[in-house]
Amino acid sequence: MVTLDATVVNIALPEAQHDLGFSDGSRQWVITGYALAFGSLPPLGGRLGDLFGRRTTFVTGLIGFAAASVIGGAATTFDLLVAARVAQGLFAALLAPTALSLLSVTFTEPAERPKAFGIFSALSGAGAAVGLLLGGMLTEWASWRWVMYVNVIFAGVALVGALLFLAKPAVTERPKIDIPGTVVVSAALFGIVYGFAHVESTSWTDPVALGSMISGVVLLAVLAWLELRVAHPLLPLRVVLDRTRGGSFLAVFVLGMGMFSIFLFLTYYLEAGIGYSPIEAGLSFLPMVAGIVASSTRVPSLLLSKVGPKVVVSVSFLVSASGMALLTQLTLNSAYVADIMPGMILLGLGIGGVMTTAFQGATAGVHHEDAGVASALINTSQQVGEPAALEAGCTRLYLVVQIELKDPGHPASRVAHRVKESLTAFFRAEAEQGGASDPDLLARQLILVFDGASARAGIKADTQAGLTAPTVAALLDAADMR
C-alpha cells in the first residue's frame, strides 16, 4: 500500500488540479509532501515499533493511513489535499519499517524465512508498477478521489489480519526515545529529500537545493558523532556498520534510483511517445511485475542458499542493466512484444533478485530490539534513492520523448512541428518589443503550446509536470532553436 501510493497519485494529478484549481507550480507538493514525510521519518517509526510494540505501531499506522486517505479523497482545497498527503507519509513511515521488522522477528526458521521475505519483496517491488495501472483505471473509470479512497480497502484487510493474527506485545521496559537523535536524523533526511525534490522546480545549482542536500549530509555526520555518546541511541551504529547490512542498504538505494526512474521513463515513452492510454501503459508493466514476483519468490530457495548474497545481488543488477540496455534501443516504431517487453521482463527479474536478497540481508542477525531500526534504514534507503533518480533523469527524458522525434508521420511529431512554429512566433513578438525571454514566462508559454498542439494532434500529453524554467535551455537546444 505505501509503495503503491508513491505512484498511484501521479496519473490522477491533472484531474485533481482541474477539480481543485491549484496552480502548476503547486502541484509538485502533492507528491513532495508524501515523499518528505515518508523519507525523513522511518527511523523514528522503526524505533517506536521496537519500543511500544510492533503490533500497536502497525495498527496505529494502518488506521492513520486510512484516515488520511479519506481526508485526501474528500479534500475540497489544495491545502487540505497536501496536508492529507503529508499525513499519509507520516503514517507510512510507521507502517513500512514495522511491517518489515514484524516479518523479521516472526519468520526466523531458515526454511520459512526466505519464502516470507520473497513474498514481501514481490509485493514491495510490484506495488509501484501496479500503482501506475491502478491510478489510470481509477482516474478514467471513477474519479481521481478514488486513488485515495482505495487505500481504505487495503488498510481494512491488513487491519483485520493484524488484529486476528498478530500477538499482543508484552512491553516490560519503559520506552526510552533518543530525542536529540530523532531531531537530527529527521532534519538530515528532510534536507536531503527536500533538496532533491527542489531540483524539479529550480536546477542542480540552485542554492536552496544544494544547501538542503549539503546540510543533510552534515547532519548525518553529526548524528554519527551523537549516537556514540547517548545511552539509548535511535540508530545504533552497530546496525549500520555491519558489512552485510551496509551493503544491503546501498543496494536498495541504487535499486530505488533505477526502479522509480524507469517507471517514469517508460510511462512517458508509452503515453507521450507511442500514444498509449494511461490504462494501456499500466497494463504494459505487468510483464515487469511478473518478473519481480517470479524472482522474489524463487531466488531465495533456488540460489541464495547455494551461492550467497554477493553473487545473487551482483547477477541481479547485471540482469537489470541488460534490460535497461535493451530499452535504450527503443524508437517510436518499436513493437511492444518484440522490443519493449523483453527489457521489462529482464528488469523485473533483476529487481526481484536484489530486493529479496537485500531485505533479508538488512535484517539478518540483528538484535530483537534493533529489528525496527534495521527495517527503517532499508525503507529510508529506497525513499532517498527515488527522488534522486527522478530529478536526475526526468528533464532529458522529457526532451527525448517530446522534442527529438524522428518519425514525421507520428502524431507527436506534429506536436513538435507546431511547437517550433509557435515558439518562432513567440520569440519574434518578443524581439519586436525589444525584451529578453523570461525563463518562467517561457516555461508557461511552452506548457500552453504543448497542450494545445497535443490536443490538435489527437494525443494526450501532460506537459505541466515536465516543463519548468530550468528545462528551457535544454528545450531550445533539442529543438534547434537556441
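Just so we're clear, the structure is a prediction, and the values are computed from it rather than from any experiment.

**Section: the pattern of salt bridges**
Logical step 1: Tallying each qualifying case throughout the model produces two salt bridges.
Logical step 2: A salt bridge links D19 to R145; its shortest N-O distance comes to 3.1 Å. In this pair, D19 sits in helix α1 (residues 5-20) while R145 sits in the loop between α6 (113-141) and α7 (146-165), placing the two residues 126 residues apart along the sequence.
Logical step 3: The exposure class assigned to D19 is partly exposed, which follows from its relative accessible area of 42%.

**Comments concerning helix α5 (residues 78-106)**
Logical step 1: Its 29 residues give α5 an end-to-end C-alpha distance of 41 Å, which sits within 8% of 42 Å, the value for a rise of 1.5 Å per residue.
Logical step 2: At A92, α5 is deflected by roughly 25 degrees, the largest bend along its length.

**Comments concerning the packing of α1 against α5**
To describe two helices that pack against each other, one gives the angle between their axes and the distance between the axes.
Logical step 1: As a packed pair, α1 and α5 sit with axes 12 Å apart at the nearest point and diverge in direction by 170 degrees. Put simply, α1 runs roughly antiparallel to α5. For the pair formed by α1 and α5, the contact residues are D5, V9 and L20 on the first element and F78, L81, R85 and Q88 on the second.
Logical step 2: Taken together, the residues of the contact of α1 with α5 break down into four nonpolar, one polar and two charged.

**Quick look at the packing of aromatic side chains**
Logical step 1: The full count for this structure, using the stated rule, is five aromatic pairs.
Logical step 2: Here F22 and F78 contribute two aromatic rings whose centre-to-centre distance is 4.7 Å and whose plane-to-plane angle is 40 degrees, an arrangement assigned as tilted. Here the residue F22 occupies a position in the loop between α1 and α2 (28-40), and F78 occupies one in helix α5, the gap between them amounting to 56 residues. For the pair formed by F22 and F78, the shared burial category is buried.
Logical step 3: Centre to centre, the rings of F190 and Y194 are 6.0 Å apart; their planes meet at 5 degrees, and the pair counts as stacked. Here the residue F190 and the residue Y194 both occupy positions in helix α8 (residues 179-199), the gap between them amounting to four residues, near one helical turn.
Logical step 4: Take F190: its relative accessible area is 40%, and that puts it in the partly exposed class.

**Side note on a nonpolar patch on the surface**
Logical step 1: Residues L302, L303, V307, V311 and V315 make up a contiguous nonpolar surface patch of roughly 390 Å² in combined accessible area.
Logical step 2: Ranked by the residues each element gives to the nonpolar patch, the list is headed by helix α13 (residues 286-307), at three residues.
Logical step 3: Tracing the backbone shows V307 in helix α13.
Logical step 4: The class of V307 is partly exposed, set by a relative accessible area of 42%.

**Overview of the confidence of the model for the chain**
Logical step 1: For the chain, mean pLDDT is 75; residues scoring 70 or higher make up 75% of the total.
Logical step 2: Within the chain, helix α19 (residues 472-478) has the poorest average pLDDT of any element, 45, and helix α4 (residues 54-73) the best, 93.
Logical step 3: Taken together, the stretch residues 392-413 has pLDDT below 50 and engages in 52 contacts with residues farther than four places along the chain or on a different chain.

What counts, and at which threshold
Residues numbered from 1 in each chain as written. Predicted model: local features only at pLDDT ≥ 70, side-chain atom pairs only at ≥ 80, totals over all residues. Heavy atoms only, no water. Salt bridge = Lys/Arg side-chain N within 4 Å of Asp/Glu carboxyl O. Helix = DSSP H or I, 4+ residues; strand = E, 2+ residues; numbered from the N terminus. Buried < 20%, exposed > 50% of the residue type's maximum accessible area, 1.4 Å probe, protein only. Expected span 1.5 Å × (residues − 1). Bend = angle between axes of the 7 residues up to and from the residue. Axes fitted to C-alpha atoms, helices over the stretch in contact; angles between N-to-C directions. Parallel < 35°, antiparallel > 145°, perpendicular 65-115°, else oblique. Contact = heavy atoms within 4.5 Å. Nonpolar A, V, L, I, M, F, W, Y, C, P; charged D, E, K, R; others polar. Phe/Tyr/Trp six-rings, centres within 6.5 Å; stacked < 30°, edge-to-face > 60°. Patch = residues over 30% accessible without salt bridge, like charges linked within 9 Å, V, L, I, M, F, W, Y side chains within 5 Å. Areas by Shrake-Rupley, 256 points an atom, 1.4 Å probe, with all protein chains shown as cover. pLDDT = per-residue confidence, 0-100.

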